[in-house]
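# Structural characterization, general
Here's the letter readout for the chains.
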Amino acid sequence: MQLFFIILVSLLILAVATYFLLPRLLQALGLHRHYTVPPFDLKGRRALVICTSHNKLDPTPRKTGAFGSEFTVPYYAFIDAGLDVDMASIKGGEIPIQPPSWSWPLACAEDKRFMADAAAMKKLKNSKPVAEIDPDDYDVIFMAGGWGAAYDLAQSDVLAELVTKANASGKILGSVCHGALGLVSAKGLDGELLVKGRRVTGVTNNQINSFGIAVTPKHPEEELVKAGALFECQHAWFDPFTTHTSIDRNIITGQNQNSGYETAHRILEKMATESNR
């Protein structure tokens, strides 16, 4: 009986320690590493955050969608800088969330803030369809990733047209991870593919293989290179958490789920300090 009690108490202590320490261990390895976005005052400016509408990791039965921190981190960076922020998706309506990005141990502070924010959650559940978006209403068009984006961002002619018009109007175009797929079908002012000859980043083929999601139909590194982009990225000993942000005039892109902080920071910095081109 005494041995059973000791084992039970030991298991409880182990469970509690794991609950509190695993998120810190992941952060120490590089997931959502601390990054401070400096204050900006950009009241009166507007941003649009676009996410996927696709909710299934075809051809598997697994659910997917937008990765939490890839839109919550930029969302609050923009909100805290005074911007009005809208949310849109390819089809409109509720944006699916990629499990378990909003759950322990992956959810970051901005994810938890978003889930407790009634106004933000209302935007998530009632996102605008990209077909109803006028890019002239916004200063920034930002595309979040998540594995669902591999199924509908590059494939959307409507999104390609929206990004093409936004670029022609001098808007800032941002993305992280699979969100870069929203850039590959858009056209530049010269009629060529927008990313041709431009420095951009997105999740790498190596990281896709590390996550075991090579079944997805579009891979950012592959599609960006195919479109003529000058693909940039970083690698490290623990590659899935490696982050990088590329800045090429009005196109500011982040490598993966860890890149939202710096990518949003650089977008705000460009808005505050210089013209988009």
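The rules behind each value
Residues numbered from 1 in each chain as written. Predicted model: local features only at pLDDT ≥ 70, side-chain atom pairs only at ≥ 80, totals over all residues. Heavy atoms only, no water. Pairing = 2+ DSSP bridges. Helix = DSSP H or I, 4+ residues; strand = E, 2+ residues; numbered from the N terminus. Core = buried A, V, L, I, M, F, W, Y, C linked by side-chain atoms within 4.5 Å. Buried < 20%, exposed > 50% of the residue type's maximum accessible area, 1.4 Å probe, protein only. Contact = heavy atoms within 4.5 Å. UniProt positions renumbered as here; feature names shortened; annotations may be inferred. Expected span 1.5 Å × (residues − 1). Phe/Tyr/Trp six-rings, centres within 6.5 Å; stacked < 30°, edge-to-face > 60°. Salt bridge = Lys/Arg side-chain N within 4 Å of Asp/Glu carboxyl O.

### Considerations on the sheet that holds strand β9 (residues 251-254)
- Pairing within the open sheet is mixed, and its seven strands lie in the order β3-β2-β1-β4-β5-β9-β8. The open sheet terminates on both sides in strands that have one partner only, identified here as β3 (128-129) and β8 (245-248).
- Looking at chain direction, strand β5 (residues 172-176) and β9 are connected through four bridges and run parallel. By the bridge assignment, G174 is partnered in β9 with I252.

### Some remarks on the nonpolar core
- Of all hydrophobic cores here, the largest spans 38 residues; its most connected members are I50, L159, V163, L173, L183 and L224.
- With four residues, helix α6 (residues 157-168) is the single largest residue contributor to this core.
- In this structure, I50 is in contact with A88, V130, I141, F142, M143, A144, L159 and L162, ignoring residues within four places of it in sequence.
- Residues Y75, A77, F78 and M271 belong to the second largest nonpolar core, which totals 31 residues.

### A look at the UniProt feature "domain: DJ-1/PfpI" (unreviewed entry) in the chain
- The positions that UniProt labels "domain: DJ-1/PfpI" (unreviewed entry) are, in the present scheme, residues 69-267.
- In residues 69-267, helix accounts for 33% and strand for 15%; the two terminal C-alpha atoms are 17 Å from one another.

### Some remarks on α6
- Here α6 is 12 residues long and its end C-alpha atoms lie 16 Å apart, about the 16 Å a rise of 1.5 Å per residue gives.
- Taken together, the buried positions of α6 are L159, A160, L162, V163, T164, A166 and N167.
- Those residues of α6 hidden inside the fold are in contact with β1 (46-51), β4 (140-143) and β5.
- Taken from the residues just after α6, G170 is the one with a positive phi, measuring 80°.

### Side note on the environment of T242
- Following the sequence through the fold, T242 ends up in the loop between β7 (230-231) and β8.
- Sequence spacing of T242 and V203 is 39 residues, and the spatial spacing of their C-alpha atoms is 9.7 Å.
- T242 has contacts with Q207, Q234, H235, A236, Q255 and N256, leaving out every residue within four places of it along the chain.

### Describing the packing of aromatic side chains
- In this structure the tally under the stated criterion is nine aromatic pairs.
- When the centroid spacing of 5.9 Å and the interplanar angle of 50° are considered together, the rings of F71 and W102 count as tilted. Placement of the pair is F71 in helix α2 (residues 68-80) and W102 in the loop between β2 (84-89) and α3 (109-115), with a sequence separation of 31 residues. W102 carries the same exposure label as F71, and that label is buried.
- With a centroid separation of 5.4 Å and 85° between ring planes, the pair formed by F71 and F114 is classed as edge-to-face. Taken as a pair, F71 in helix α2 and F114 in helix α3 lie far apart in primary sequence, 43 residues in all.
- Among the aromatic residues, ring-to-ring pairing joins F71, Y75, Y76, W102 and F114 into one connected group.

### With respect to the pattern of salt bridges
- Tallied over the full model, the rule gives 14 salt bridges.
- A salt bridge links K43 to D41; its shortest N-O distance comes to 3.4 Å.
- Relative accessible area serves as the criterion here: at 65%, K43 is assigned to the exposed category.
- Judged by its relative accessible area of 59%, D41 falls in the exposed class.
- Between D58 and K56 there is a salt bridge, with its nearest N and O atoms 2.6 Å apart.
- Residue classification places D58 among the partly exposed positions, given a relative accessible area of 26%.
- A network of salt bridges, in which partner residues are shared, links R46, D86 and K128.

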